[in-house]
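Coordinate analysis (summary)
Chain by chain, the residues:
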Amino acid sequence: MTGGDPTDGGDKARALPLPPLREVIAKHGLSANRALGQNFLFDLNLTGRIARAAAPLDVGTVIEIGPGPGGLTRALLDHGARKVIVIERDRRFLPVLAEIDAAYPGRLSVIEGDALKVDAAKLGDGPRRIVANLPYNVATPLLMAWLEAGTTFASLTLMFQKEVADRLLAKPRTKDYGRLSIAAQWRADVKRLFDVPPRAFTPPPKVTSTVVQLVPRAEPLYPADGKVLEKVTAAAFGQRRKMLRQSLRQVSPQAEEILVEVGIAPTARGEELSIEQFCALARAFKARRGPTAPL
Ligand code: SAM
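Ranked by size, the top nonpolar core spans 35 residues in total, and within it Ile-50, Leu-76, Val-84, Met-159 and Val-196 carry the most contacts. Of all the secondary structure elements, the ones that give two or more residues to this core are α1 (21–27), β1 (40–41), α2 (44–53), α3 (71–78), β3 (84–88), α4 (94–103) and β7 (188–196). If one sorts the elements of this core by residue count, α3 sits on top with 4 residues. Once residues within four sequence positions are removed from consideration, Val-84 is found in contact with Val-62, Thr-73, Leu-76, Leu-77, Arg-107, Leu-108 and Ser-109. If you look at the next biggest cluster of nonpolar residues, it comprises 30 residues, including Phe-153, Leu-158, Phe-160 and Val-212.

Judged by how many residues are buried, strand β9 (residues 209–216) sits mostly within the fold: 7 of 8 residues are covered. Looking at chain direction, strand β6 (residues 153–161) and β9 are connected through 6 bridges and run antiparallel. Looking at β9, one finds that Met-159 is bridged to Val-211. Sheet topology places β7 next to β9; 8 bridges connect them, and they run antiparallel. Bridged to Lys-191 within β9 is Gln-213.

Here we take up the site of the ligand. In the vicinity of the ligand, 20 residues are found, and the nearest of them are Gln-38, Gly-66, Glu-88, Asp-114 and Asn-133. Between a nitrogen atom of the ligand and a main-chain N or O atom of Ala-115, the distance comes to 2.8 Å. Asn-133 is positioned with one of its side-chain polar atoms (N or O) 2.8 Å from an oxygen atom of the ligand. Computed on the free molecule, the ligand has an accessible area of 600 Å², of which 100% lies beneath the protein chains in the complex. A majority-of-atoms criterion places the ligand in the largest pocket.

Applying the stated criterion across every chain, the model contains 14 salt bridges. Its salt-bridge partner being Lys-27, residue Glu-99 comes within 3.1 Å of it at the nearest N-O pair. Of this pair, Glu-99 sits in helix α4 while Lys-27 is found in helix α1, placing the two residues 72 residues apart along the sequence. For Glu-99, a relative accessible area of 24% translates into the label partly exposed. The exposure class of Lys-27 is exposed, given its relative accessible area of 58%. For Glu-230, the salt bridge is made with Arg-179, and the minimal N-O distance between the two is 2.4 Å. Of the two residues, Glu-230 is situated in helix α8 (residues 226–238) and Arg-179 in helix α7 (residues 179–187); the sequence distance between them amounts to 51 residues. According to the relative accessible area criterion, Arg-179 is partly exposed, its value standing at 40%. Taken together, the shared-partner salt bridges connect Lys-162, Asp-166 and Arg-192 into one network.

Considered domain by domain, the chain is made up of domain 1 (6–216) and domain 2 (226–289). A C-alpha centroid distance of 35 Å is found between domain 1 and domain 2. Across the boundary between the two partners, domain 1 contributes 12 residues, which contact 15 residues of domain 2. Between domain 1 and domain 2 the total buried area reaches about 1,100 Å² when both faces are included, carbon and sulfur atoms providing 63% of it. One can count 1 salt bridge joining domain 1 with domain 2. For the pair domain 1 and domain 2, the interface holds 6 residue pairs in polar contact (both at pLDDT 80 or more). Here the residues of the side of domain 1 that touches domain 2 sort into 4 nonpolar, 4 polar and 4 charged.

Bringing the packing of helix α6 (residues 162–169) against α7 into the picture now. Between α6 and α7, the least distance of the axes is 6 Å, while the angle of their chain directions is 60 degrees. In the crossing of α6 with α7, the sense of the turn from one axis to the other is right-handed. Each of Val-164, Arg-167, Leu-168 and Leu-169 in α6 lies in contact with α7, whose residues at this interface are Leu-180, Ser-181, Ala-184 and Gln-185. Considering only residue class, the contact of α6 with α7 consists of 5 nonpolar, 2 polar and 1 charged.

What follows covers the sheet that holds strand β4 (residues 108–112). Reading across from one edge, β4-β3-β2-β5-β6-β9-β7 is the order of the 7 strands in this open sheet, with mixed pairing throughout. Every interior strand has two partners, whereas the edge strands, β4 and β7, have only one. Each strand of the sheet is rotated relative to its neighbour by a mean of 20 degrees, with strand direction disregarded. On the sheet, α4 packs against β3 and β4 and is oriented at approximately 165 degrees with respect to β4. Each of β6, β7 and β9 is contacted by α6, which is oriented at about 135 degrees to β6, the strand it contacts most.

Scoring rules and cut-offs
- Residues numbered from 1 in each chain as written.
- Predicted model: local features only at pLDDT ≥ 70, side-chain atom pairs only at ≥ 80, totals over all residues.
- Heavy atoms only, no water.
- Core = buried A, V, L, I, M, F, W, Y, C linked by side-chain atoms within 4.5 Å.
- Buried < 20%, exposed > 50% of the residue type's maximum accessible area, 1.4 Å probe, protein only.
- Helix = DSSP H or I, 4+ residues; strand = E, 2+ residues; numbered from the N terminus.
- Contact = heavy atoms within 4.5 Å.
- Pairing = 2+ DSSP bridges.
- Near = heavy atom within 4 Å.
- Polar contact = N/O pair within 3.5 Å; in protein donor to acceptor, adjacent residues only side chain to side chain.
- Areas by Shrake-Rupley, 256 points an atom, 1.4 Å probe, with all protein chains shown as cover.
- 1 Å grid on protein atoms, 1.4 Å probe; cavity = no way out; pocket = protein on both sides within 12 Å on 5 of 7 lines; lining within 4 Å.
- Sits in = over half its atoms within 2 Å of the grid points.
- Salt bridge = Lys/Arg side-chain N within 4 Å of Asp/Glu carboxyl O.
- Domains from an automatic or database assignment.
- Buried area = accessible area lost by both parts, 1.4 Å probe.
- Nonpolar A, V, L, I, M, F, W, Y, C, P; charged D, E, K, R; others polar.
- Axes fitted to C-alpha atoms, helices over the stretch in contact; angles between N-to-C directions.
- Left-handed = near helix turned anticlockwise from the far one by under 90°.

Spelled out as C-alpha cells, the structure:
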C-alpha cells in the first residue's frame, strides 16, 4: 500500500496490496462517462462506512452494481466480504477489477453487462445483500425489481440522489410522498443512513447523495395485489392536484363508490392517504373486478 493520497482517506494501515484509486485511474487512462452515471468514490472513510453499514458481510453473497474502478468493492472485501459479485456495464473497468480479483483470490466475480438485464436474485448463495453507489439513471427501476423479489435480498444498502432518498422515505401529507414512497415502504423497512456531499465524488455530481438501507419485509405491510396497488398509486399521484374521485376514474368508473365503501372521502387527494388506506383501496378495486379479471 503506497498511501499518501489524502483523498484515499489516509488509511495506511490497510494490508491491501493495491495502489490508491487515483493512481489506478491514471495508470489505466480512465475518465468518467457521465452518460453512465459515473461519479466515483475515492474516500476510504466513506466506502468503509457504506461497507460497515451493510454488515454482516462474512456470510452469503454481496452483490455490487456498477463497481467502476472498485473503491466500494475494495472496501467490501477489506471489511471481510466472503464473496462479492459485481455487475459492470463499462468494459473499460474490467482490467482494474481483474487486479482486485487477483488481490483477493476467489472472493470476487465480475459480470460484464447491464444490471437491468441480470436477475440478481439468482446470483451466489443467500443471504444476498446488495450494496451500490447506483448509476442514477437506472437506480429506480433496479430498486423496484429488487423490492419485488422480497426477502431474496437480506438488505439493500444503496446510494441515491438525495431527492430520490427523500421520496423513498416520505410520509403522507408531504410533497415528496408518492408512488415510490408507497412501493418502498410497503415492501421494506427504509432507513436514511447519511448524506454525502457532491465534493466527495470524482467528478462531483450536481446534487447531494444519500445512503439508504432497505430491509425487505417477510410480508408486505398490508395485504394487497402489488400490481393493483401500483395502478392505484400511479393514477392517484399522476394527477396529484386532483381529487381521488376524479384521478381514480382511470382505474375504474366505479372509483367514487369504491372510495366511499372503504371510508375515504372522494374529495381527498392521494397525498393525504396512508399506505394502509391505499392497500384497502387496491383490495376493493380488485374485489369489484373479481380475482381473475385484469384491472
Ligand atoms: N462503485 C463505483 C464508486 O462508488 O466509485 C462507481 C459508481 S458510479 C456512480 C456508477 C457505476 O455504474 C459506473 O461504474 C457505471 O459504469 C456503472 N453502470 C452504469 N449503468 C449500469 C448498468 N445499467 N449496469 C451495470 N453498471 C452500470
